[in-house]
Amino acid sequence: MTTHAETISAAVGDIETISAVLADATTIHIWLKAREIGTPAEIKASVASREISRLMASNTDEFEHRSLELGQGGQTLLAYDPTTTLVSVAYAFQRHNVLTDGVQILHSSQENAAPTVFGGYHFRPPFGWMNDPNGFSRFGDHVHLFYQHYPHSLRWNTMHWGHAVSDDYIHWRHLPIFLFPSADLSARADGRGGAFSGSAIPLSSGEPGIRVFFTEQVKDREPEEQIQLTAVSRDQITADPGEVILPRRPYDLDLTLDFRDPYVFRGPDHIWKMLLGSRDRAGGVVLLYESGDPDGACDWTFIGIIHREDRYGMTAAECPCIVPLDGPAEHPETRWALIFGLLTSRDPQTGRRNITAATVGRFDGRTFVKEFEQELDFATDAYAFQAFVDRSGPVGIAWLANWTEVSKKADFPTAMTLPRQLLLEQEALLTPPVETVATLRRGLIDGSKLKGREPVSLNNGAVEIVIELAAPGAQFHLELDHPGVGLGVQVGPEGLVIHYDLPDGKGAPRYIAVGAKPSTLRIFLDVGSIEVFADNGRWTGTKRLPGFAPVSTARLSAPAGNITAATIWQLEL
C-alpha cells in the first residue's frame, strides 16, 4: 500500500521543510525547479540533524528530477527556500521491498496533488495527470500497470510512464515513475511529446525483468514525429535508456505521421509480433510487424496492414491490442479479439466521439480474418483499452475518459476503469468486471426500498446497484442525483441507455446500446464515473462524470412486475 508521510511546513527564515522518519537504505526521488534565472533551486537534506546532501537545479521552465540515497535512516528533513525553489513531487522507497510496500509520498504541490476522493475504488495516480494504460500484464506474482503520466500538474503535458502493481486488480501499490521523456523534452513544459503509449513483455532469459516498448513523440521532428523504442528493466522498477527499434513508418503506404502505441505479444507461431496504430488517406489502419529476435529487442520486419477501419472517415487507429479468446493462441480455431481506438471518430447517429472498436476473428500470425465486430463500450469512456492473457483468461483495463471532454481549465477526475474479463459467448464479446470486484462489497445499503420506488441515499456514492428484470428488456428507469449532470440508466423500446444531460440545455451525445434487452444489470458508481454491465458485460457502458461530487440518491421506476430484485451495495477498498 502506498503511504503518505507527514509533511511539515515551517516559516522559519522563509524556509519550508518536508519531514519524515525513513528507514535505512531508502531512496528519495524529488523534482525541483528554480524560480528565477541565475538563482538555482536548492534543497538541503539532513538525517538526524546531520546534513548529508544538497540537491540543486537551475531550470526555470520545468522541474528537474534528482535522486538521493540514504544509507542510514532516521528523522529526515528536506529544507528549501520557497522564494528560490519550487518542489513538485517527493517520494521515498526501499528498492528491496517497493514491489510489496509501494512508495511513500512525502510531498506534492497544490498544482499536482491528487484530488480528495472519499471512498473511491478506481485506480488513480498518487499525483499529476494520467491517461492511457500501458504495459498491462503479469510479471511474476504481480500484475503491473504502467500508464501515461505527467507528474507536475493535473493537465496533460510531457509524457512519462507511471507504474503500479496489484495482486488482485483492485488494490494497487504505487511505484516510482518508470519511464522519463528525453532530456531535451524534459527541459520544457511545452507538451511537445515524451514517452507515449506501449506495452511490456517478460525477458526471455528467465530473469524477473521486463522489456517495454513505447512510442517517442517529438512534435515537428522531421522526418518522423513518432518512432518506436524499447527499454529493459531488470529490477521491475527502473528502466535502462531506450533504444530505437523502428525509426520510420512504412513509406509506401501513404500513411500520415500517426505511427504509435506498439503492442507486443506472442503470435500463434510463437514469434514476437507487434501491432501499431496509424492512418492513411481513407481511414485508420492497424499495422503488423514481427521480430526474428528471441528477445524482441531488434530485427523487426513490417508484415502488412492486418485491419482497416474507414467507416468514420480519416480517423487514426491507436492503442491496438489483440488477445486469444476461446482457446490456446497456437490453435487454428481460436478466435482473437482485435481492439483499437478511433481518434476523432464521430458516430453521426448519436454524436458519440472516439469510438473503440472490437473485431473478433481468426489470426494465424500474419493475417487477421474478421468474423464479426462490435463497439467495446456504448458510452465510449473506456478508451485506450489494453488487455493480456492472465492465468484465468484475458483481462483488460482502459482509461476512464474521452478526449472530447478533456479541459485545460478544469480539474479532471482521471481514473482507470474497473478491470474487465474478455469472454466470447454466442458470437458476442462480453466484458464483465473481474471477479475480484466482489471483494469491494462492504455491506448492503438497500434490498427493498429501491424496488419499492422509494428514493435511497447512496452515502458517499461508492456503490454497486444490481437490478434483475422479470424478462429480457423489461422496461425501467433508474434516476441518479448528480450535481453536475442529469444522470440515469434506462431500458426501453430502443435499448439500454445511459442518460447524461448537460446543464443549460447544452447538447450531449446519446449513449445507447441499440436493441439491447438485458435481464440483469450491475451499475457501479464512484466519484467521477458510472459503469454499466448488462448481462455479464454483453452490453457495457462507461461514462466519466464531471467534478468530484458523488451521486447522492437513486430512484427506480418501472411498470408493475418488471423488477424482480434491486439491491444496493456499499463499496470500499
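Whatever comes next refers back to the structure up there.
Sequence order as written defines the numbering, with residues in each chain counted from 1. Confidence filtering applies because this is a predicted model: local features only for residues at pLDDT of at least 70, side-chain atom pairs given and counted only at 80 or more, and all residues used for totals across whole chains, interfaces and linings. Processing note: side-chain calculations cover all non-hydrogen atoms of the structure and skip hydrogens and water entirely.

Chemist: Explain the overall build of the protein here, please?
Modeler: Every helix listed is a DSSP run of H or I at least four residues long, and every strand listed is a run of E at least two residues long, numbered separately from the N terminus. Counting its regular elements, the protein contains two helices and 42 strands. Here the radius of gyration uses the C-alpha set of atoms, whereas the globule reference equals 2.2 Å times the residue count to the power 0.38. Taking 2.2 N^0.38 as the reference for a compact globule, 573 residues should give roughly 25 Å; the C-alpha atoms of the protein span a radius of gyration of 24 Å, in line with that estimate. Considered along the principal axes of its C-alpha atoms, the protein spans approximately 75 × 60 × 45 Å. Within the protein, buried positions represent 58% of all 573 residues. Throughout, a residue-residue contact means that at least one pair of heavy atoms, one from each residue, lies within 4.5 Å. Restricting the contact set of the protein to residue pairs at least 6 apart, pairs at least 24 apart contribute 61%. Only the protein chains shown count as covering a residue, and every accessible area follows the Shrake-Rupley method with a 1.4 Å probe. Of the accessible surface of the protein, which amounts to about 22,300 Å², a share of 50% is contributed by carbon and sulfur atoms. Here the positive residues are Lys and Arg and the negative ones are Asp and Glu; neither His nor the chain ends is included. In this description, the location of a charge corresponds to atom NZ of lysine, CZ of arginine, CG of aspartate or CD of glutamate. In the protein, 50 side chains carry a positive charge and 71 a negative one; their mean positions are 3 Å apart. With a 1.4 Å probe rolled over the protein chains alone, any residue whose accessible area is under 20% of its type maximum counts as buried; one over 50% counts as exposed, and the rest are partly exposed.

Chemist: Help me out: how do you make sense of the nonpolar core in this one?
Modeler: Soluble globular proteins tend to bury their nonpolar side chains together. If you look at the biggest cluster of nonpolar residues, it comprises 38 residues, and the most contacted ones within it are I465, F476, L478, L496 and I523. Among the elements that take part in this core, strand β33 (residues 463-469) stands out by supplying four residues, more than any other. Definition of nonpolar core: a set of buried residues of the types Ala, Val, Leu, Ile, Met, Phe, Trp, Tyr and Cys, connected through side-chain atoms within 4.5 Å. Core analysis: the next-biggest nonpolar cluster, separate from the first, contains 33 residues, L275, I306, F372 and A398 among them.

Chemist: Even after reading the chapter, I still don't get the pattern of salt bridges, so can you show me in this structure?
Modeler: Side-chain pairs of opposite charge can arise whenever the charged atoms involved come near each other. Salt bridges are counted wherever a side-chain nitrogen of Lys or Arg sits within 4 Å of a carboxyl oxygen of Asp or Glu. Enumeration according to the criterion identifies 39 salt bridges in this entry. Residue R173 pairs with D167 through a salt bridge whose shortest N-O separation is 3.1 Å. Residue D167 is classed as partly exposed on the basis of its relative accessible area, which comes to 48%. Each of D326, E333, R335, R362, E371 and E427 takes part in a single network of salt bridges with overlapping partners.

Chemist: Help me understand the sheet that holds strand β35 (residues 486-492) in this model?
Modeler: Each strand in a sheet pairs with another by means of backbone hydrogen bonds, the pair being arranged parallel or else antiparallel. In this analysis, strands are considered paired if DSSP registers two or more bridges between them. If you walk across this open sheet you meet the six strands as β32-β41-β34-β35-β36-β37, and the pairing is antiparallel. What marks the edges here is a single partner per strand, and that holds for β32 (456-457) and β37 (511-514). Inspection of the sheet shows strand β34 (residues 476-481) paired to strand β41 (residues 553-557) by four bridges, in the antiparallel sense. Each residue of the ladder has a partner; that of H477, found in β41, is S557.

Chemist: Teacher, can you tell me more about the sheet that holds strand β42 (residues 563-571) here?
Modeler: The antiparallel open sheet is built from six strands, whose spatial order is β31-β42-β33-β38-β39-β40. On the outer flanks of this sheet lie β31 (441-446) and β40 (539-544), each paired with one strand and no other. With strand direction ignored, the average angle separating the axes of adjacent strands in the sheet is 20°. In terms of strand pairing, β31 meets β42 through four bridges, oriented antiparallel. Along β42, the bridge assignment pairs L444 with W569. Only the stretch in contact is used when fitting a helix axis, every axis being a line fitted to C-alpha atoms; angles between N-to-C directions are given from 0 to 180 degrees.

Chemist: Any chance you could explain the packing of aromatic side chains here in plain terms?
Modeler: Any aromatic ring pair is given by two values, namely how distant the centres are and how the planes are angled relative to each other. Under the pairing criterion, centres of Phe, Tyr and Trp rings, with the six-membered ring standing for Trp, must be within 6.5 Å; the plane angle then separates stacked pairs below 30 degrees from edge-to-face pairs above 60, leaving the rest tilted. Counting across every chain of the model gives 24 aromatic pairs. Summarising the aromatic geometry, the rings of Y91 and F93 are spaced 6.2 Å apart at their centres and angled 40° between planes, so their arrangement reads as tilted. For the residue pair Y91 and F93, the accessibility class agrees, reading buried in each case. Throughout this description, the term charge over a ring refers to an Arg CZ or Lys NZ atom that lies within 6 Å of the ring centre and within 35 degrees of the ring normal. Geometry around W272 places R266 over its ring, the cationic atom sitting 3.9 Å from the centre. The cationic tip of K543 hangs over the ring face of Y500; the distance from NZ or CZ to the ring centre is 4.3 Å.

Chemist: Is there a simple way to think about the side chain of R173 in this case?
Modeler: Structurally, R173 is set in strand β13 (residues 172-174). Among the polar contacts listed, one links the side chain of R173 to the backbone oxygen of L99, at a separation of 2.8 Å. Counting of polar contacts relies on pairs of N or O atoms within 3.5 Å, with two restrictions inside protein: one atom must be capable of donating a hydrogen and the other of accepting it, and residues adjacent in sequence are counted only when both atoms are side-chain atoms. Here the side chain of R173 touches H142 through a polar contact of 3.3 Å, side chain to side chain.

Chemist: Would you take a moment to explain the environment of R510 for this structure?
Modeler: Note that R510 resides in the loop between β36 (495-501) and β37. R510 gets classed as partly exposed once you look at its relative accessible area, which sits at 38%. Along the chain, R510 and T350 lie 160 residues apart, while their C-alpha atoms are 4.9 Å from each other. Setting aside anything within four residues of it in sequence, one finds R510 in contact with T350, R352 and E494. Among the polar contacts listed, one links the side chain of R510 to the side chain of E494, at a separation of 3.0 Å.

Chemist: Looking at this model, I keep getting lost on the side chain of T230. Mind explaining?
Modeler: The topology assignment puts T230 in strand β16 (residues 226-233). Owing to a relative accessible area of 2%, T230 belongs among the buried residues under this scheme. For T230, the side chain forms a polar contact with the side chain of R211, separated by 3.1 Å. When neighbours within four sequence positions are excluded, T230 is seen to be in contact with R211, V212, F213, F214, P241, G242, E243, I245 and A297.

Chemist: So what exactly am I meant to see when it comes to the state of the cysteines here?
Modeler: Linking two cysteines covalently via their sulfur atoms produces the bond known as a disulfide. To count as a disulfide, a pair of cysteine sulfur atoms needs to be within 2.5 Å. Tallied over the entire structure, the rule returns zero disulfides. For the unlinked cysteine C321, the closest cysteine sulfur is that of C319, found at 9.1 Å. Overall, C321 belongs to the buried group, its relative accessible area being 1%.

Chemist: Would you mind going over the pairing of strand β3 (residues 26-34) with me for this structure?
Modeler: Consecutive side chains of a regular strand alternate in pointing toward one face of the sheet and then the other. Buried residues dominate β3, accounting for nine of its nine residues. The alternating pattern of β3 places T26, I28, I30, L32 and A34 and T27, H29, W31 and K33 on opposite faces, both of which are buried. Bridge count between β3 and strand β6 (residues 64-70): seven bridges; the pairing is antiparallel. For I30, the partnering residue across the bridge sits in β6 and is R66. Here β3 runs beside strand β8 (residues 85-93); their pairing, made up of seven bridges, is antiparallel. In the sheet register, I30 faces β8, and the bridge partner there is A90.

Chemist: I tried to follow unusual backbone geometry on my own but got confused; where do I start?
Modeler: Excluding glycine, residues mostly have negative phi values, and the peptide bonds linking residues are mostly trans. Note the cis peptide between E222 and P223, where omega equals 0°. For P223, the location among the structural elements is in the loop between β15 (210-218) and β16. Residues other than glycine seldom take positive phi values, yet C319 does so here, at roughly 50°. Inspection of the secondary structure assignment puts C319 in strand β22 (residues 316-324). Classification of C319 as buried rests on a relative accessible area of 8%.

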